[in-house]
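# Chain and residue survey
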Amino acid sequence: MAESVSAMDSSDEEEYFDVSDSFLDPCCEEGKNTPAAPESDHVPPPAEVTVLNSDQETVSLGFPPTENSAGFRLQLDYSCETHRGCLTVDDSSPVKVVGLIPGTEYTFSITRIADNGNQSKATSLSVFTEPSPPVQITVDQISSESLSLHWDTPAGEVESYIVTCCSEGYIVKETTDTNKMTFNNLKPGECYSLLVSTKLRNGSLSKPTVTSANTKTHLESLLEDLGLDHHDENKLSISSVLSIDEKTITDEPAKCNSDLPWYFLKKLMMVNVTARNLKCTSACKSNSGDHLDLYDLDQSTHLGDTLNPLDIITALFLCSDGFVQQEMALKMSMCQFSVPLLLPNCDTKQSTLMLWAMRDIVKKYRPQSLLQSKGFIEERIVVSELPMISFVRLGECSLSKSEILNKLLSNSQQNHDTFVHSNMEGGDSPRRISNGLVEMTWYLPCGNKNMDVFSQPVAVANLRGDIASFETQFSFLCQTSAAVFVFFDALDSECELLTNQNHKAQIFLVGNRQSNVFSLDAVIKVATKLNLTNGNILLKAKHMNDADFVKDLREKVSNVFETSKVKMGIEQMSEIAHELGICVDEDSPECQTAKKNADSITAEIQDILQYKESELPLQGQIWKDLTRLEKEEFRLRKVGSEKIEEYKSNLLVQKTQLREKQNSYDMSKAIACFINAISSPGIERCYFLKWMRMNLDNVSREKLFDLREQYKEKCKNSENKEEIKDIDLQLSNSSLGTEHFFREMGQIYEASLSLPETDPARQQLQHLPKLCAELMLDGFPLELVDGEASNIPIGWVSDVLSQLNDLVSPTNKILVVTVLGVQSTGKSTLLNTMFGVQFAVSSGRCTRGAFMLLIKINENVRKDLNCDFMVIIDTEGLKSPELAQLDNSHEHDNELATLVVGLSDITIINIAMENSTEMKDILQIVVHAFLRMKEVGKKPKCQFVHQNVSDVSAHDKNLRDRKLLLEQLNEMTQAAAKMEKKKENTSFTDVMEYTPDTGNCYIPGLWNGNPPMAPVNAGYSEAVYELKKNIITILGSCGSSANNILEFTEWMKSLWTAVKHENFIFSFRNSLVADAYMRLCKEFNKWEWDFKKEMYTWVTQAETRLSNFGTPADKSNVSDIRELLMLLKNEALTELSKWETKLLGNLEQYFKKTEGHVYLVEGYRQDFANSAKSLRGEMERSVFNQLTAAADVRQGMTEMDRIKENHTKELENRVSALIEECWEKKVKMSEEELDEEFDKMWTKTVNELSFSKMKVEDIFTSVSHHLRTNLSAKGSHANDLINRKILEECGLGPFKYKAEGFIKKCKEAVQLFLNISSHTQAVQQMADSIITICSQFVTDTMQRQSNYHDTYIAEILNMIDERLQNNQESDITFEVSLKQHICANAARMFQKMHKDFIHENDPYRCLNKNKEKFLADFKDVFHNVDQCQKKAEEFTHRCLKPAVEDFINRSLGPDIIGEMLTSEQFSTRMSFQYSVLLDMNSKDDFKKYQRFICSYEIYVKKWILNKIVERFSNGSTMFEEQHLQSCINSIHNAFQKAKKEKSGNVKSFVEVVCQELGDKLVISQGALGAFMILNNADQEQFAHWLFKSVKDMAHALREKFKRTDLLTKLQNLHVNPQNELFNKLIGCGQQCPFCKAPCEAGGTAHTEHFASLHRPKALGLGRCVTSGKLVTDICSSSVISEASFRCIATNWVFHPFKRYKEIYPCWKIPPDASLQASDYWKYVLVKYNKQLAEAFGAKPADIPATWKEITPEQAEASLKESFHIK
């Protein structure tokens, strides 16, 4: 219902009615609820209704007063198309209707109603509510000349919108019926007010909605189009430009304008002359069609918003920092593009002189004055004082100035578009921001009259746009040029612009008479004003073609620099620029400060050689001497007859002295300034390094120029040989670059590392590596190999890379690309072109050493490449002429090639097919490097690059050459493999993946024509780009994980250490390889233990089944134990095969992983596979032996159990009869009487029973048989030796070995006389060790209290054979006597064990043992005593408890082993060795060392035992508790099963229980039989008490476990943890033949033995032949020396250590990787020298001086390093 609101108190106020709820309310419809007035009662209609007010949602109506308004009311009905309402008010009151819709026409119908209900006629009127203004104007698009806006449609009936755009002095009003509008033809950079009003049909307007927007400047607009708007403030940096992203490695053309700058940069950085061909694919759509429509075709040629290349170039220069600008200018110059001289900013109307941008451009040319001498000029173009000829345009010009210039500068053979012109792609597009740009290029002659356009060098400038608009630029050109050529079509005769200039330049007018607007009179007037002659005017006649015109123009230009003396370098132009208000890019404070700092250093350089000696002293002769000493430390070429370790110690002293000498120098002023400058913040240090490089290049260039001139002069006279040689040396040493300063920095830092860490001199240099790391991130290269000393400052480079890693972590993965090849074949140029970088190629200097540079990988390709950075390594050329005169040049090349190939993921090899001799040399070096990498697990890829091959059919034509190359590679591989002693590699493809078709790349020549005016060949750039894509594809698809920076550092260290040795493969050691190997060992050990543990568990169950055979616990369905044994063996084979397959599968999966550097240990895969198979064989033998022994023992006991059972039954019957007899007497018998009756019965029965005793076997016979079988393969001599002495007579005394035979005795006497390490002593020591081990085995076996079995003696013989096999000191006589001694002792012990077993199981004894129990049972039955509790306890304690304890003892061993293996020290053999040695170092006890050296196995087993005791010393019974609880659960389950059977018989109940427990527990049949006798217990009660007894048993066992010490527990275990851990960690058991260090190779079936840490030979009983002193030499040093050795294996003939492999082919003894690796044993020998000498019967060793300085901490550190412990 509509609501009415009563009139307000004041009659002149309106009434308000809210009609928002009355929409279409039916009560308000006409005629309803309103009674009709009688026609006779006339009601006057309302008088004229007036609209008092109308706004968006309200309308106010006024009614004139009537004479008698009392008793009347007014009814208002109003409606629009979508809204209707009704309300009633008092007559004559103003009414305000609210809640209306804005901008809508409402019809109001007003009716007067009398009190009696009569109505008047209706009065109607229409009213429009005020329209709403538009809601929220949004400016969509803003360009430099247009604005687009839209707004939300307001409510109401809107007819249209009035949109106004205005600014100062400008107003545009538009009408639209949509809610959007675009204004065009606006001024750039203006602020515009935007007003939008809503207009209704009646013409009424809303209030305007107002906003404002700024049009973009031309520059802002273009930058937005190009996607460079955010680089206006944040300038492009060199690192972002050179980073590798998707655009870098794809051929997709630019799809939109924002792609164009990156397309240009990508091509420009690769020096591609097509870089300026810029067009989007959307602007290049094909016009082809199958219909004819020439109008459409004509229009379609103009489709697309193509940008002018000059605008893009200008935008990029404006958006780049100084270093990108410099790089762009340099590359543009190489492409022979014009470069910006004055860069305009069309927003600020300010130009900038691009002095810094051009400062890096160096040009070489030969003016005709140097033609005869063949000399040339090389200098920076900004300092070259050349005449500059400028070309400008006045007004419109029909001649294409730029195209004319291109023709002017090109000769007939070589035409090139230096300047962009209208007939080039995009050249005809209107320029948006590049008007006012002054471009510059140079014409430089080559000295050939037939080819040179101009005989002298000349600079050419070209102003874009009309000089009328760019007077400043024109003024600049007029003051800096020798001549200004003004192109025009029409000249203003006044032409104040030309006449008012302050001209230093000659003015030339260049007109086109072919133009319609040309006026000769105007030309004459202007020429007269300017005092020009005919020579200054060039008009293109109506019939003149371009060629003739250019010829005339060329003559004019030639005349200018022949007559003009105005010459000015760009550097000098900066003064004029400042006068004219033109900025100079070098004016920035950072650039100027950096220049000042650089100049202060380089200004001091007069003589380069002297400067190096005075200011950079540490990298001179001292560094070269240090390098020589370092290499000699590794190669020991000059050791002569001196003691090796003494010699090495002397070398170390010399190194220390040289480092002290380095530290004695004060830091030079130049280096202090250099370090200070590179420590400056931000971009300033980048400027500084650029200034330094340029200044130093300038200095070197001048010096080299002078030296070359002297060289030429001296060469004219052949008698000046010495002087020529001196100049030649100076030429080699006259290079000076920033690398020399960084090298000095590195040497200062390296030297400081020899100081104590707390030394202030060292601490103040700690920040240097971080500085260098930051510079690497800025794109500066790091010198990896010092080319002059041929060495790596490892400490410096490592710390720099470590800091770099810290700066970029966690994004620190890198891939490495390297180039190798002959010197001066364009390797650096290739890398510079490929990656846009700047390796030094200037000043005629070739790269020396190796430099590395970092390139960032963008996010969008990181996943594909799996790396964050690419490292580019540039190397010096192989076969360098400078090094060719040195004896070791081939060695140097090999070192460098091996290093960089080893560091690389892909190596680019630059070769020249035309020089086959040189190619062979290079290939040999490269193949050596690749072969070495294959052997150490690294798999680099390679690409062969053939330069200067330009034929399109090169690939096909060179098929034969590629075949020849592969043949050469195969030949080189065979030769290299022979030298490296790896003859299995017979072809290049054995060494690495290589296919001739995809592994070769053909690249045409660099220059397209004759330099200096030749641009870079586009074919060269494109071929290099293809190579780059191919390289990145290979890197992305290789699948291996990239190294991180720290791993790269580790590779570098280990590779360099290895290349310093003569035999690389032999000496390579690497912590990454060691880590990967350790991880593999850990994993394999884990799998191996899982296998063993599972088999231990299985064997325990199998033995239980065999032990329970034929008893109530037997679950098998077979009647013969041999059949059960066969079944179990088959099961064992299945189980073993399953685990072998699992082990090999795990190994296969492990090597499929990409992380963890698994590929580095690929070479060990087969060894571990063999170890898995060997383990299976070993386990099979062990399992079968255990099963056979268990079956045989059980079979032997079967008859005994049957006899015992019969005897027990007989006794039970007799006791039962006795009870009946006693009951029949019906007399109460006393205890004594019962005892007496029982004794009588027992004695009588026992006397009547037959007791057949077990036969006692002669163990000696069995052992002797096995011994003969074992030695049968040794031949008849062994048989003779056995027959000499019966076994019973052996082993009665201590074993003593003596050499037999006259010759041996003579040798022995000589040895003793010379006091050499005695062969007899070594053999005796080994024998004592083997005897101890075997004795321990016998002792452990006897503790089981089992019967003897032949497998025991077989195991002992196997143990002896294994240990003898690992030692080459033994002979057959020794072997026979040792085996006889051990077997005889074992036979005695086993004989006793056998007798004890028979005694223990004698039926008569067993029966008498149970007499008391029988008596007790007899009395209980006689007295009718309830036996339930007693029998339950008896069953628990006599049957269950021993079985449970036995089960726990069987299970506990593997648990202890598993727990110990979780400790790091037991994880691998290397960790184990490290832990043992570290422990000895901490104990400081000589006796321990003596036992370790002399009785290694015994000592280590004892050490393991101590560790087990230590680990479980807290009294933990966790494992016992687990197994006890498992048994209790099984027993309870068995009880429940037995109760369900409801047999009602205790015997049946117990049999069910035993059967249920048959797989787990072995219940004694004797105890069970005794329990069953006279058992009248009730089953229910028995079961009740049994539960309680078992609970008590569990408690008692827990208490027992807690009380029992660990050693006692260990004695009872079936699996001895101590022995198992030893066997697991001792591996193959081999020891180094020289120093007795144990082998640490993983698995047991490896083909090569190695030890991480070798010892001085004194610790392997080594003594000097002549002096009798202990020998300090370490085998890891001896193997690279000229020393010799002799032993039984060499028949006591001296043999070179270097060829030790001939004697011990299975051992690998690499040299010490760090030279400090053996510090541990050196320290031990120094500390215990006297005690060791005394113990070994020798004189103390002569200890080298440096050994005495080794501290315990250093000894411990050497352990960590040797065993790669983190």
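Below, the structure is looked at part by part. All figures in this text were calculated on a predicted structure; none of them were measured in a lab.

Tallied over the full model, the rule gives 60 salt bridges. Here Lys1483 makes a salt bridge to Asp1479, at a shortest N to O gap of 2.7 Å. Of the two residues, Lys1483 and Asp1479 both sit in helix H49 (residues 1469-1483), four residues apart, roughly one turn of that helix. A relative accessible area of 42% places Lys1483 in the partly exposed class. Several salt bridges converge on common partners, so that one network encompasses Asp360, Arg380, Lys690, Arg693 and Asp697.

The next point concerns the pairing of strand E29 (residues 849-856). Across the eight residues of E29, seven count as buried, placing the element largely inside the fold. As defined by bridge partners, strand E27 (residues 782-786) adjoins E29 across four bridges and the pair is classed as antiparallel. Counterpart to Val785 in the pairing with E29 is Ala850. Sheet analysis places E29 next to strand E30 (residues 869-875), joined by seven bridges and oriented antiparallel. Counterpart to Leu854 in the pairing with E30 is Val871.

Moving on, we come to the sheet that holds strand E26 (residues 583-584). Strand order across the open sheet formed by nine strands is E25-E24-E23-E20-E22-E21-E16-E17-E26, with mixed pairing between neighbours. Each end of this open sheet is capped by a strand with a single partner; those strands are strand E25 (537-540) and E26. Relative to strand E24 (residues 506-512), strand E23 (residues 483-488) is paired through six bridges, and the arrangement is parallel. Residue pairing across strands places Val486 opposite Leu509, the latter belonging to E24. Contacts from helix H5 (residues 309-318) reach strand E16 (339-345), strand E21 (438-443) and strand E22 (458-466) within the one sheet, and its direction differs from that of E16 by about 80 degrees.

Paired through backbone hydrogen bonds, the strands of a sheet run either parallel or antiparallel to each other. Pairing is antiparallel in the open sheet, where three strands are placed in the order E9-E10-E13. Each having just a single partner strand, strand E9 (135-142) and strand E13 (180-183) make up the two edges of the open sheet. Here the average twist between neighbouring strands, direction ignored, is 20 degrees. Of the pairings in the sheet, the one linking strand E10 (residues 147-152) to E13 comprises four bridges and is antiparallel in character. Along E13, the bridge assignment pairs Leu147 with Phe183.

About the criteria used
Residues numbered from 1 in each chain as written. Predicted model: local features only at pLDDT ≥ 70, side-chain atom pairs only at ≥ 80, totals over all residues. Heavy atoms only, no water. Salt bridge = Lys/Arg side-chain N within 4 Å of Asp/Glu carboxyl O. Helix = DSSP H or I, 4+ residues; strand = E, 2+ residues; numbered from the N terminus. Buried < 20%, exposed > 50% of the residue type's maximum accessible area, 1.4 Å probe, protein only. Pairing = 2+ DSSP bridges. Contact = heavy atoms within 4.5 Å. Axes fitted to C-alpha atoms, helices over the stretch in contact; angles between N-to-C directions.

Nothing here speaks to function; it is all geometry.
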